[in-house]
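Below, each chain spelled out in residue letters.
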Amino acid sequence: MPQTDMKNGAKRRRLLGGLSDTNLLMSITIIVFILMYAFAIFGLGAGFLKAQTFFNMLNANAALIILACGMTLVMITGGIDISLGGMAALVSMCSAVYLDMHSGSVIGAVMISLGIGLAFGIIQGFLVAYLDIQPFIVTLAGMFFARGMTTIVNTNPFNVQNEAFVKLKETRIIIPGMGSVNKRGDYIDAYIEIGVVIALLIVAALFLFLKWTKTGRSFYAVGGNRQSALMLGINVKRTTFLAYLMCGILGGIGGFVYFMHVGSGSASHATGAEMNAIASSIIGGTMLTGGVGNIIGTFFGVLSLALIQNIVSSAGLDQAWWTGITNASMLCIFLVIQSIIIARRKKENLSAEKPAEAKGVKT
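The rules behind the values
- Residues numbered from 1 in each chain as written.
- Predicted model: local features only at pLDDT ≥ 70, side-chain atom pairs only at ≥ 80, totals over all residues.
- Heavy atoms only, no water.
- Helix = DSSP H or I, 4+ residues; strand = E, 2+ residues; numbered from the N terminus.
- Contact = heavy atoms within 4.5 Å.
- Areas by Shrake-Rupley, 256 points an atom, 1.4 Å probe, with all protein chains shown as cover.
- Pairing = 2+ DSSP bridges.
- Buried < 20%, exposed > 50% of the residue type's maximum accessible area, 1.4 Å probe, protein only.
- Polar contact = N/O pair within 3.5 Å; in protein donor to acceptor, adjacent residues only side chain to side chain.
- Arc of directions from axis to C-beta.
- Phe/Tyr/Trp six-rings, centres within 6.5 Å; stacked < 30°, edge-to-face > 60°.
- Lys NZ or Arg CZ within 6 Å of the ring centre and 35° of its normal.
- Core = buried A, V, L, I, M, F, W, Y, C linked by side-chain atoms within 4.5 Å.
- pLDDT = per-residue confidence, 0-100.
- Axes fitted to C-alpha atoms, helices over the stretch in contact; angles between N-to-C directions.
- Parallel < 35°, antiparallel > 145°, perpendicular 65-115°, else oblique.
- Left-handed = near helix turned anticlockwise from the far one by under 90°.
- Nonpolar A, V, L, I, M, F, W, Y, C, P; charged D, E, K, R; others polar.

Before going further, it helps to spend a moment on the overall build of the protein. Counting its regular elements, the protein contains 14 helices and four strands. A fraction of 76% describes how many contacts in the protein between residues 6 or more apart in sequence connect residues 24 or more apart. Total accessible area on the protein stands at roughly 17900 Å², and carbon and sulfur atoms take up 66% of it.

As structure tokens, this is what we get:
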């Protein structure tokens, strides 16, 4: 019987083309996104055929892509960080106050953003990795602290008037040959914002980091089984600390990209961004249990949430709760898929262990 189970497991792996759990979940996410986009094109009009529609999703969600990448790193190691939304709001407010009320420079605002992210990453990483405090509690405190500090820095929302920053914010990168003709017959160039370029570079860098570096592979080992990681000689505490450190830095970068998009400071900025980042990571194939995840999947997870919002809006369902319901439904579907994959993996592991135990008894 165990031999039959092992043969069935091997057959399934061959049918899946030898895909690992990480690649399988990522592939499902990409396929679902393509199917949804095809449905939008054929069912909701030619507006989705315009390249700018896709670029607008990137423009509006560049900051979320970066924040979700940071969330993916800590989730791969088996942790979580719910302070990212508050961190983005704090970065936006501090940058806005520095630029407008203190006649600061854009470079100075960038350094402030990185400093805030670095501070959160170091403190939260130390508490989680070296003091072994639950990451949910640590980052919940971080979220409250960030939101509170945002209101201390400034209570009133305002738009930034700094000339250098406004020029940077309004910079557009033209995509040749991807424009479209409007109703008046004028040709409109397709464009992306600077934040999109930053987000794409980060996605590419983190993909290479996780796939090709020893430290990146250690993230998966720690999230998969900490005891086994220790036996392999991996410094679990240092790896966990590094994950939160990188997440904090990405939170600072994502906060500044968010600030470049909105161009203002407000205590209500990025509300719920941490939950969207978690949802994007899960939809992208990152497991809450750790050990499984992919940055490319997270990227498509963010786009999937953005596409759902566009589809709901184009269908005339402008009420906010429709978007919430569709997002929740999609999240539940992917959680069910993850549960099925986890159950399959456990079954195959048990099937592999039984022959070894039987062999040990026989000898």
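Two faces, one strand: in a regular strand the side chains alternate between the faces of the sheet. Examined bridge by bridge, strand β2 (residues 172-181) and strand β3 (residues 187-193) share six bridges and lie antiparallel to one another. Across the sheet, Ser180 pairs through a bridge with Ile188, a residue of β3. The turn joining β2 and β3, which pair antiparallel and follow one another in sequence, is formed by five residues; a positive phi near 90° is taken by Gly185.

Mapping Ser95 onto the fold places it in helix α4 (residues 84-101). Of the residues examined, Ser95 reaches a relative accessible area of 0% and is grouped as buried. Within the structure, Ser95 has its side chain in polar contact with the side chain of Ser113 (distance 3.3 Å). Sequence-distant contacts of Ser95, defined by excluding residues within four places in its chain, comprise Ala109, Ser113, Phe256 and Phe259.

As a further point, take helix α9 (residues 214-224). Listed as buried for α9 are Gly216, Ser218, Phe219, Val222 and Gly223. Down the axis of α9, the sector holding all buried residues measures 150°, keeping them to one side. Every exposed residue of α9 that faces more than 90 degrees away from the buried side is listed here: Lys214 and Gly224. On its buried face, α9 sits against α3 (51-76), α8 (194-212), α10 (226-231) and α11 (236-262).

On to the environment of Met101. As for its position among the elements, Met101 is in helix α4. Taking the C-alpha atoms as reference points, Met101 and Gln161, separated by 60 residues in sequence, lie 9.9 Å from one another.

Enumeration according to the criterion identifies 12 aromatic pairs in this entry. An aromatic cluster is present here, built from Phe33, Tyr37, Phe48, Phe54, Phe55, Phe299 and Phe300 joined pairwise through their rings. Sitting over the face of the ring of Trp212, Lys211 holds its NZ or CZ atom 5.4 Å from the ring centroid.

It is worth spelling out the nonpolar core at this point. Formed by 84 residues in total, the largest nonpolar core has its most connected members in Ile65, Met71, Leu206, Phe219 and Leu307. Tallying contributions element by element places α3 first for this core, with 17 residues. Beyond its immediate stretch of four places on either side in the chain, Leu206 contacts Cys69, Leu73, Met246, Leu250 and Ile295.

Take the environment of Ile66 next. Within the fold, Ile66 resides in helix α3. Non-local contacts of Ile66, meaning those with residues more than four positions away in its chain, are made with Ile198, Ala199, Ile202, Leu250, Ile253, Gly254 and Val257.

In the predicted model, the protein carries a mean pLDDT of 86, and 88% of its residues have values of at least 70. Contacts of residues 1-18 to residues separated by more than four positions or lying in other chains number 13 contacts, the stretch itself having pLDDT below 50.

Let us now look at the packing of α8 against α11. One way to put it is that α8 packs onto α11 with a least axis distance of 9 Å and a crossing angle of 160°. Of the possible angle classes, the one that applies to α8 and α11 is roughly antiparallel. Our pair here, α8 against α11, has a crossing hand that is left-handed. Here Ile194, Gly195, Ile198, Ile202, Leu206 and Phe209 of α8 lie close against α11, whose contacting residues are Met246, Leu250, Ile253, Val257 and Met260. Residue composition of the contact of α8 with α11, by class: 10 nonpolar, one polar and no charged.

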